[in-house]
Amino acid sequence: MPSNETKTSDVILSTRIINAREASGYSQSQLSLRMGVKKSTIANWEASRTSPRANKLIELAGILNVPVLWLIAGSDSPPEVTSPDLIETLMLERKLDKADLLVNELSALVSDLRGHTRRVQRDIDESY
């Protein structure tokens, strides 16, 4: 239910989003790209014009490396941003390497399929 009045909880949420984004070193543009939303969406959240939906709050917390509950309920001090640990980073790198291999395999399969399709079409055309 939209209202022209800004609720205190919205102001606090918007302030927490700004604080967490800045502590993480993201610009509004960078964060919007990371989340797959428009820059204006981030600006609206930070200006308390709109609030993120639950799924976007969870995604936002993950990207900014802050607890979801902090974003929702918060405290007066901004969170400390910690770097991901080495094990987590290595696991993510392995997953990215595997994804890269799968993309390459898929690309090769698509190329082979296109070649087979062309040969079949050529055979059909020649039989008429």
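Residues numbered from 1 in each chain as written. Predicted model: local features only at pLDDT ≥ 70, side-chain atom pairs only at ≥ 80, totals over all residues. Heavy atoms only, no water.

### Side note on the environment of Leu13
Okay, step 1: Checked against the element boundaries, Leu13 lands in helix H1 (residues 8–24).
Okay, step 2: Each C-alpha atom, one on Leu13 and one on Leu71, is 6.3 Å from the other, the two residues being 58 residues apart in sequence.
Okay, step 3: Each residue touching Leu13, except ones within four places of it in the same chain, is listed here: Ser51, Pro52, Leu57 and Leu71. (Helix = DSSP H or I, 4+ residues; strand = E, 2+ residues; numbered from the N terminus. Contact = heavy atoms within 4.5 Å.)

### Section: the pattern of salt bridges
Okay, step 1: In the structure shown here, the tally under the stated rule is two salt bridges.
Okay, step 2: We note a salt bridge from Arg21 to Glu46, for which the minimum N-O separation is 2.5 Å. Taken together, the residues span a long stretch of sequence, with Arg21 in helix H1 and Glu46 in helix H3 (residues 39–46) at a distance of 25 residues.
Okay, step 3: The exposure class assigned to Arg21 is buried, which follows from its relative accessible area of 9%.
Okay, step 4: Of the residues examined, Glu46 reaches a relative accessible area of 10% and is grouped as buried. (Salt bridge = Lys/Arg side-chain N within 4 Å of Asp/Glu carboxyl O. Buried < 20%, exposed > 50% of the residue type's maximum accessible area, 1.4 Å probe, protein only.)

### Focus: the environment of Leu69
Okay, step 1: Its place among the elements puts Leu69 in helix H5 (residues 68–72).
Okay, step 2: As for Leu69 and Leu57, which are separated by twelve residues in sequence, their C-alpha atoms are 9.6 Å apart.

### Notes on the confidence of the model for the chain
Okay, step 1: Of all residues in the chain, 83% have pLDDT values of 70 or greater, and the mean over the chain is 83.
Okay, step 2: Taken element by element, the chain is modelled with least confidence in H1, mean pLDDT 81, and with most confidence in H3, mean pLDDT 95.
Okay, step 3: Here residues 1–6 scores under 50 on pLDDT; set against residues more than four positions off or in separate chains, the count is two contacts. (pLDDT = per-residue confidence, 0-100.)

### Some points on the packing of helix H2 (residues 28–35) against helix H4 (residues 54–64)
Okay, step 1: Where H2 contacts H4, the axes come no closer than 11 Å and their chain directions differ by 120 degrees. The pairing of H2 with H4 is recorded here as oblique in orientation. With respect to the hand of their crossing, H2 and H4 are arranged in right-handed fashion. Of the residues in H4, those touching H2 at Leu31, Arg34 and Met35 are Lys56, Glu59, Leu60, Ile63 and Leu64.
Okay, step 2: Residues of the contact of H2 with H4, tallied by class, amount to five nonpolar, no polar and three charged. (Axes fitted to C-alpha atoms, helices over the stretch in contact; angles between N-to-C directions. Parallel < 35°, antiparallel > 145°, perpendicular 65-115°, else oblique. Left-handed = near helix turned anticlockwise from the far one by under 90°. Nonpolar A, V, L, I, M, F, W, Y, C, P; charged D, E, K, R; others polar.)

### Things to note about a nonpolar patch on the surface
Okay, step 1: On the surface, Leu106, Leu109 and Val110 cluster together into a nonpolar patch covering about 280 Å² of accessible area.
Okay, step 2: Structurally, Val110 is set in helix H6 (residues 86–127).
Okay, step 3: Note on Val110: relative accessible area 33%, which makes it partly exposed. (Patch = residues over 30% accessible without salt bridge, like charges linked within 9 Å, V, L, I, M, F, W, Y side chains within 5 Å. Areas by Shrake-Rupley, 256 points an atom, 1.4 Å probe, with all protein chains shown as cover.)

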